[in-house]
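Structural characterization, general
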Amino acid sequence: METLKIEPTDDSPFVVLDPENNRFEISGKSLPEDVVVFYQPVLDWLTAYKKEPNTKTEFTIKLIYFNTASSKLILDILMIFEEMVEEGHNVLIKWLSMQSDEDMQEAGKEYEEMIDVPFGHITYEL
Amino acid sequence: MGFSDNSKGFINYIYDRYKDLKIKDISLVFEGQVTHQVMKALTGLVEEQLDEVEEYMVLRRVYHVMVESLQNINRHAESYEYRGHPYPGMGLILVAKNSERFQVTTGNIVDNGYVEDISMFLGKLNNMDSDRLDDLYKQQLRDGVLSPKGGAGLGFIDIKRKTGNPLDYSFVKIDEETSFFIFTSTISR
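One structure accompanies this document, and this report is about it. Nothing here was measured: the structure is a model prediction, and the numbers come from that model.

Here we come to the nonpolar core. Most often, soluble globular proteins keep nonpolar side chains buried together rather than apart. Judged by nonpolar contacts, the single largest core of 84 residues is most densely connected at Leu17(A), Phe59(A), Phe81(A), Ile93(A), Tyr111(A) and Leu125(B). With 10 residues, the single largest contributor to this core is helix H3 (residues 56–76) of chain B. Every residue in contact with Tyr111(A), bar those within four places of it in the chain, is listed here: Phe66(A), Ser71(A), Ile74(A), Leu75(A), Leu78(A), Trp95(A), Phe119(A) and Leu141(B).

This is the structure:
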């Protein structure tokens, strides 16, 4: 599959989905004007990837901020990984949050409760 | 060159506004059309201060409350006509702070048909403990549908659970069709 790479802006995150180099990441800020327009290509890409994924997929989420509209689309992304797990594939979500950002850590735990995919919670210092 | 003599009223008005903002510790006021760009510019003023690590969480919450409140205006404010022009997404935002808390207040026009729904919803949120708010948030996240305007129906719920303080709200009736909706969130320092 071809790599999907989206450069970050002041209201949308950096996205790289690169099976060849086993790199799957979304990072930065997410409050785009239209969340569906921004996330639809990501959802489409993952839906296609789901049919023939790598032996192991580690998806890194390192957001410093997301608004409530984005939270809905992040759940949609995670649900695609949940389907991959249901089909017997090996998936790990790595949820990275800043040490001082308890709300972001909490958001990771909440998503973990909502979907059946293994999560790794990592905190980092600025 | 100075102001003309008949501008005295205007000059006094501006100076009184300035003094009033200082007395009330109001650090930001905006009134106008809340476009996506305006939302980013206003929230950017808070974001610039986020490197003050000891208040990171407080300022991040102020930022989040501002984003969600301004997006509410952008998506839901009733537009009004002035000289035949419709003005959608118009509203007011005001940020005040003292040593104990930040307050983010927004004001915008709503259709009278929504007044009761909004009041009941905000009243319900104020009566919920944090566990019930978390459950409601997750339920809405899972089952809610994005509106055509791009809202997820999560803004008020998330403001309430992230701030932990009562939401203050009031409606001032303008005419038979519309009211002015005033909404204040309090973020403890």
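Attention now moves to the interface of chain B and chain A. Listed by partner, the interface residues are 30 residues for chain B and 27 residues for chain A. Of the roughly 2400 Å² buried at the junction of chain B and chain A (both faces included), carbon and sulfur atoms supply 55%. When the buried area of chain B at its contact with chain A is split by residue, His36(B), Tyr56(B) and Leu141(B) rank highest and sum to 23% of it. Applying the counting criterion to the chain B and chain A interface returns 7 salt bridges. Residue Lys40(B) is joined to Asp11(A) by a salt bridge in which the shortest nitrogen-to-oxygen separation is 3.1 Å. On the surface where chain B and chain A come into contact, there are 15 residue pairs in polar contact (both at pLDDT 80 or more). Those elements that provide at least two residues to the side of chain B that touches chain A are helix H2 (36–47), H3, helix H5 (130–143) and helix H6 (155–163) of chain B. With 10 residues, H3(B) is the largest single contributor of residues to the side of chain B that touches chain A.

Phi is mostly negative for residues that are not glycine, and the peptide bonds are mostly trans. You will see that Asn22(A), though not glycine, has its phi angle at about 50°, which is positive. Judged by its relative accessible area of 44%, Asn22(A) is partly exposed. Phi at Asp25(B) takes a positive value of approximately 55°, unusual for a residue other than glycine. Along the polypeptide, Asp25(B) turns up in the loop between helix H1 (8–23) and strand S1 (26–33).

What counts as what
- Residues numbered from 1 in each chain as written.
- Chains lettered and ligands numbered in written order.
- Predicted model: local features only at pLDDT ≥ 70, side-chain atom pairs only at ≥ 80, totals over all residues.
- Heavy atoms only, no water.
- Core = buried A, V, L, I, M, F, W, Y, C linked by side-chain atoms within 4.5 Å.
- Buried < 20%, exposed > 50% of the residue type's maximum accessible area, 1.4 Å probe, protein only.
- Helix = DSSP H or I, 4+ residues; strand = E, 2+ residues; numbered from the N terminus.
- Contact = heavy atoms within 4.5 Å.
- Buried area = accessible area lost by both parts, 1.4 Å probe.
- Salt bridge = Lys/Arg side-chain N within 4 Å of Asp/Glu carboxyl O.
- Polar contact = N/O pair within 3.5 Å; in protein donor to acceptor, adjacent residues only side chain to side chain.

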